[in-house]
Amino acid sequence: YTEYEVPYTRIIEHKHFEYGTQPRTVITREYPASWSRGDEPYYAMNNEKNNSLYAKYKALADEEGHVIFGGRLGMYKYFDMDDTIAVALDCVKKELD
Ligand SMILES: Cc1cc2nc3c(=O)[nH]c(=O)nc-3n(C[C@H](O)[C@H](O)[C@H](O)COP(=O)(O)OP(=O)(O)OC[C@H]3O[C@@H](n4cnc5c(N)ncnc54)[C@H](O)[C@@H]3O)c2cc1C
């Protein structure tokens, strides 16, 4: 919902995730909010400072021979769910090839 007059950005009707057929339902409305210190930091901020910090973690991670760091957290990138699955499949392919 991108209209100015509508205060929420999305409605989720949970039963559709599991193909529920129950007569009653539960919905969640998502409201945008500005981040402030103490809130959950949901998104990677790919600025110069954070990217150079990530490069240091990556160098350490690369030394771990038996651990694969992946996904949003491990790669410090914004991913949607389909991107997450795609990079996981690519990673497995590389490992098994
Ligand atoms: C508000 C919001 C809305 C979104 N909406 C959509 C959408 O509509 N469509 C879409 O496709 N994608 C959406 N996404 C993105 C999607 O949720 C992510 O792309 C996906 O969850 C990333 O998967 P991931 O496995 O990389 O990371 P995550 O799902 O974040 O998993 C990382 C896991 O690592 C765990 N962890 C963290 N630190 C440590 C540690 N030190 N030790 C051990 N475990 C740790 C965390 O608890 C978490 O379980 C949304 C994300 C957010 C935040």
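Along each chain, residues carry numbers from 1 onward, in the same order as the chain's sequence is written. Where local features are concerned, this predicted model is filtered to residues with pLDDT of at least 70; where side-chain atom pairs are given and counted, the filter is 80 or more; whole-chain, interface and lining totals use all residues. Each side-chain value is worked out from all heavy atoms of the structure, with water and hydrogens disregarded.

The end-to-end C-alpha distance of helix α3 (residues 81–96), which contains 16 residues, comes to 23 Å, matching closely the 22 Å that a straight helix rising 1.5 Å per residue would cover. In terms of residue burial, α3 counts as a barely covered element, since only 0 of its 16 residues are buried. In this description a helix means any DSSP run of H or I spanning at least four residues, a strand means any run of E spanning at least two, and both kinds are numbered starting from the N terminus. Between the first and last residue of a helix there are one fewer steps than residues, each counted as 1.5 Å, and that sum is the expected span. Burial classes follow relative accessibility: with a 1.4 Å probe on protein chains only, a residue under 20% of its type's maximum area counts as buried, one over 50% as exposed, and anything between as partly exposed.

Right, let's get into the UniProt feature "domain: UDP-galactopyranose mutase C-terminal" (unreviewed entry) in the protein. UniProt positions are given in the numbering used here, feature names are shortened, and annotations may be inferred rather than shown by experiment. The feature "domain: UDP-galactopyranose mutase C-terminal" (unreviewed entry), as given by UniProt, occupies residues 1–78 in the numbering adopted here. Its end C-alpha atoms 22 Å apart, residues 1–78 is made of 26% helix and 10% strand.

Here the largest pocket is characterised by a volume of approximately 1500 Å³. Site definitions follow a grid-based scheme: protein atoms alone, a 1 Å grid, a 1.4 Å probe that fits but cannot get out for cavities, and for pockets an open set with protein on both sides within 12 Å along at least five of seven lines, plus lining residues having an atom within 4 Å of a point. Along the wall of the largest pocket there are 42 residues; nearest its centre are Ala44, Arg72, Leu73, Tyr76 and Lys77. Contributing elements (two or more residues each) for the lining of the largest pocket: α1 (48–62), α2 (71–75) and α3. The leading source of residues in the lining of the largest pocket is α1, at 8 residues. Just so you know the grouping, Ala, Val, Leu, Ile, Met, Phe, Trp, Tyr, Cys and Pro go in nonpolar, Asp, Glu, Lys and Arg go in charged, and all remaining residues, Gly too, go in polar. Of the residues in the lining of the largest pocket, the class split is 24 nonpolar, 6 polar and 12 charged. Grid points are joined across faces, edges and corners, and a volume is the space filled by probe spheres set on the points.

It suffices for a single heavy atom of a residue to lie within 4 Å of a molecule or strand for the residue to be listed as near it. The full set of residues close to the ligand is Arg10, Tyr42, Tyr43, Gly71, Arg72, Leu73, Phe79, Asp80, Met81 and Thr84. Each polar contact in these results corresponds to two N or O atoms within 3.5 Å; when the atoms are within protein, one needs to be able to donate a hydrogen and the other to accept it, and residues that are neighboring in sequence are counted only if both atoms are side-chain atoms. Interatomic distance of 2.4 Å between a backbone N/O atom of Phe79 and an oxygen atom of the ligand. Note that a nitrogen atom of the ligand is positioned 3.4 Å from one of the side-chain N or O atoms of Asp80. For the area figures, the Shrake-Rupley method with a 1.4 Å probe applies, and any residue is considered shielded solely by the protein chains shown. For the ligand, whose accessible area on its own is 1000 Å², the fraction buried by protein is 43%. For the shell around the ligand, the secondary structure elements donating two or more residues are α2 and α3. Among the elements that take part in the shell around the ligand, α2 stands out by supplying 3 residues, more than any other. Considered class by class, the residues forming the shell around the ligand number 5 nonpolar, 2 polar and 3 charged.

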